[in-house]
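# Tertiary structure, described
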Amino acid sequence: MSPASTAPPLLALEGLTVAFPTPGGLAPAVVDMDLVVHPGEVLALVGESGCGKTATALAVMDLLPPQARVSGAVLWKGQPLMATRQRGRDLSMVFQEPATALNPVLSVQTQVAEPLAVHRGLRGRTARTEVLRLLTLAGLPSAEDLLRAYPHQLSGGQRQRVMLAMALACEPELLLADEPTTALDASVRAGILDTLEELGDRLGLAILLVSHDLGVVERIAHRVAVIYAGRIVELAPREALFSRPTHPYTKALLACRPDPYSDAAPADPIPGQPPDIGQRPPGCAFHPRCPRAQASCSAVVPTLQPQAGAPQHAVACPHTKGSQP
Amino acid sequence: MALPPTLHSLRRQPLALLGLGLVLGLGLLAIAAPWLAPHDPLQVQLGPAHSPPGARFLLGTDAVGRDCLSRLLYGGRVSLPLGLLAVAVAAGLGTTLGALAGFFGGWVDKGITWFTDLFLALPRLVLLLAVLAVASQVHHGRFLLVALVLGLTGWMPVARIVRSQVLSVQARPWVLAARGLGLPPSRILLRHVLPWALPPVMVHASLLVGTTILAEAALSFLGLGVPQPTPTWGNMIAEGMRRLDSWWLTVFPGLAITAAVVGFNLLGDGLRDLLAQPRENRP
């Protein structure tokens, strides 16, 4: 399915910058990020640990620690997003660690019913019915037995689904999912991804998926933004990204993917380490690790440019023309 | 939180059990004082003044011929509740201020921390003496006044403990998740943060009861606590100081205070060990 790219964006980031104060000065986690999420689409943010993808999601939700410096605009349907008033209603988030994202001393029913009571005033039997409906929606059908269970009595997949049910309490239009399957077994992962995909189709839920797992991204994303050192280096529809990766970093990422059907070691690890958040190289942050780096790469920060003949496919690298993947 | 397992593992801590026994024992003696006391604690000239412990007066008599055993039993009815009430005031105030400081941060935190430091910097006994000396005309409700003043000068450590606990619990993922769900701050604080800050408060409170009973004794000793003729362990010692050759006047109330302080301290230590134990699924 192709998302309705012509509809007005649900969420728009304009020049979003997130920086953290460190002893050595302000360390930028996200730099001048422009990004839109359309209604009903699954947009994936991909990158290595520390590249700023989670900081982006937390900045949208206004959940960053108080010392974080955030600038730029976050727009919701064209208006400035009031995250503290809208979160839990218009947009919700599920987290990486379902084991600790649930309060260990409250039962499933109590926790799922909490947003219902706060946002929709549901109590008692109505709340219970709604809790069961949400759990079903999140892929836990006939969950009566689970209502009295505590988080430690649930499996990892069940916990993530409970978290999902809580996030769906007010039928949000956007779900931010921060590595929703990373802490889970491979078999459970597939089930959760199916559920997310189904929610997108059935409820028209847009999903901003944060992941380092290209397998997950390839499965459910409509569009993919590849992030390196706080900047988007390539933004493309899924098919285009996986069949015609253009930025050297994207190519390197895809090249070092383990092949599930072969016993061979993953082909080519990317040489070097991602740069430390406080000491990003000047110019294109990837140039010290880039096989195609030129002198100009350390001088100018490349901007995202649409590819010739593929306006949906934007790449932040001036040295890709004429090169074949 | 899981109380039955807690009580169960308390059984593996003999010292904590001893503490619990002392506290419960003293409490029961105080509650049962009207039935246990052989005489009226306020009745003067029951026998000769300063009779040493013997068959008729098990713990002897004081300067005006009152029965020391009866006064000791009745003294527990003042000293123990006074200590508990003062600690309840201190724990309540400290928890409230510490939770607000840790949860809201910013200038709320700065203000409350400054206020806490201010109170900590004042020598407690001097403060107590000043307040109680000024209020020395107040005779009715002296018990409440002393408890309140002790509580209002003892909340600072509780506030510090709760503040630091709240700061660390606030970083737990479920608190972030609760904020992400748009739950109001009051609800997040009360349901998702504060319950995790309370175990150390319980530990500290039980230790505080001991020191508070001591403080009450010191005040009564100085004549600023609960006045005669109402017996408290503190003012009994104060009376006995005038005649140190009648050793029983000071030794027995002193032992009662010691037992209470040791009891609450052992209980507090035991609770700390219990609550600090790593428990399954407690991140």
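Residues numbered from 1 in each chain as written. Chains lettered and ligands numbered in written order. Predicted model: local features only at pLDDT ≥ 70, side-chain atom pairs only at ≥ 80, totals over all residues.

### Some thoughts on the overall build of chain A
If you tally the helices and strands in chain A, you get 10 helices and 12 strands. Relative to the globule expectation of 20 Å for 325 residues, the C-alpha radius of gyration of chain A, 20 Å, shows essentially globular dimensions. Counting all 325 residues of chain A, 44% fall into the buried class. (Helix = DSSP H or I, 4+ residues; strand = E, 2+ residues; numbered from the N terminus. Rg over C-alpha atoms; globule rule 2.2 N^0.38 Å. Buried ≥ 20, exposed ≤ 12 C-beta atoms within 10 Å, placed from the backbone.)

### Points about the interface of chain A and chain B
Contact with chain A, which involves 23 residues of that partner, is made by 19 residues of chain B. Contributions of two or more residues to the side of chain A that touches chain B are made by strand E6 (91–94), helix H3 (98–101), helix H4 (108–120) and helix H6 (156–167) of chain A. In terms of residue class, the side of chain A that touches chain B is built from 13 nonpolar, 6 polar and 4 charged. (Contact = placed C-beta atoms within 7 Å. Nonpolar A, V, L, I, M, F, W, Y, C, P; charged D, E, K, R; others polar.)

### Brief notes about the sheet that holds strand E2 (residues 25–37) of chain A
All names here are of chain A. With antiparallel pairing, the 4 strands of this open sheet are ordered in space as E2-E1-E4-E5. The open sheet has two edge strands, E2 and strand E5 (79–80), and neither has a second partner. Both strand E1 (residues 11–22) and E2 contribute to a ladder of 9 bridges, which runs antiparallel. When the sheet's bridge partners are listed, Ala 12 is paired in E2 with Val 36. (Pairing = 2+ DSSP bridges.)

### Focus: the sheet that holds strand E8 (residues 206–211) of chain A
Residues and elements named next belong to chain A. Spatially, the 8 strands line up as an open sheet ordered E6-E7-E8-E3-E9-E10-E12-E11, and their pairing is mixed. Two strands bound the open sheet, and with one partner strand each, they are E6 and strand E11 (305–307). Pairwise comparison of adjacent strand axes, ignoring direction, gives a mean angle of 25° for this sheet. Sheet topology places E11 next to strand E12 (residues 310–315); 3 bridges connect them, and they run antiparallel. Of the residues in E12, the one forming a bridge with Gln 307 is Ala 310. Running over the sheet, H6 touches E6 and strand E7 (174–178) and is turned about 170° from E6. (Axes fitted to C-alpha atoms, helices over the stretch in contact; angles between N-to-C directions.)

### Focus on the environment of Gly 141 of chain B
Residues and elements named next belong to chain B. Along the chain, Gly 141 turns up in the loop between helix H6 (124–134) and helix H7 (142–152). Judged by the 10 C-beta atoms lying within 10 Å of it, Gly 141 is exposed. Expressed as a C-alpha distance, the spacing of Gly 141 and Leu 84, which sit 57 residues apart in the sequence, is 16 Å.

### Observations regarding the packing of helix H10 (residues 185–221) of chain B against helix H11 (residues 233–240) of chain B
All names here are of chain B. The contact between H10 and H11 brings their axes to 7 Å, and the two run at 40°. One finds that H10 runs oblique with respect to H11. Two packed elements cross with a definite hand, and for H10 against H11 that hand is right-handed. Judged by residue contacts, Glu 216, Ala 217, Ala 218, Leu 219, Ser 220 and Phe 221 of H10 engage Trp 233, Gly 234, Asn 235, Ile 237 and Ala 238 from H11. By residue class, the composition of the contact of H10 with H11 is 7 nonpolar, 3 polar and 1 charged. (Parallel < 35°, antiparallel > 145°, perpendicular 65-115°, else oblique. Left-handed = near helix turned anticlockwise from the far one by under 90°.)

### A few points about unusual backbone geometry
You will see that Asp 32 of chain A, though not glycine, has its phi angle at about 45°, which is positive. On the basis of neighbour count, Asp 32 of chain A is assigned to the partly exposed category, with 17 C-beta atoms found within 10 Å.

### Here we look at the pairing of strand E3 (residues 42–46) of chain A
All names here are of chain A. Here E3 lies mainly inside the structure; 5 of its 5 residues are buried. A two-sided burial pattern is seen for E3, the buried positions comprising Val 42, Ala 44 and Val 46 on one face and Leu 43 and Leu 45 on the other. Across 5 bridges, the pairing between E3 and E8 is parallel. Residue pairing in the sheet places Leu 45 in a bridge with Val 210 of E8. As judged from the 4 bridges shared by E3 and strand E9 (residues 223–228), these two strands associate in the parallel manner. Pairing of Leu 43 across the sheet is with Arg 223, part of E9.

By themselves, these figures tell us nothing about what the structure is for.
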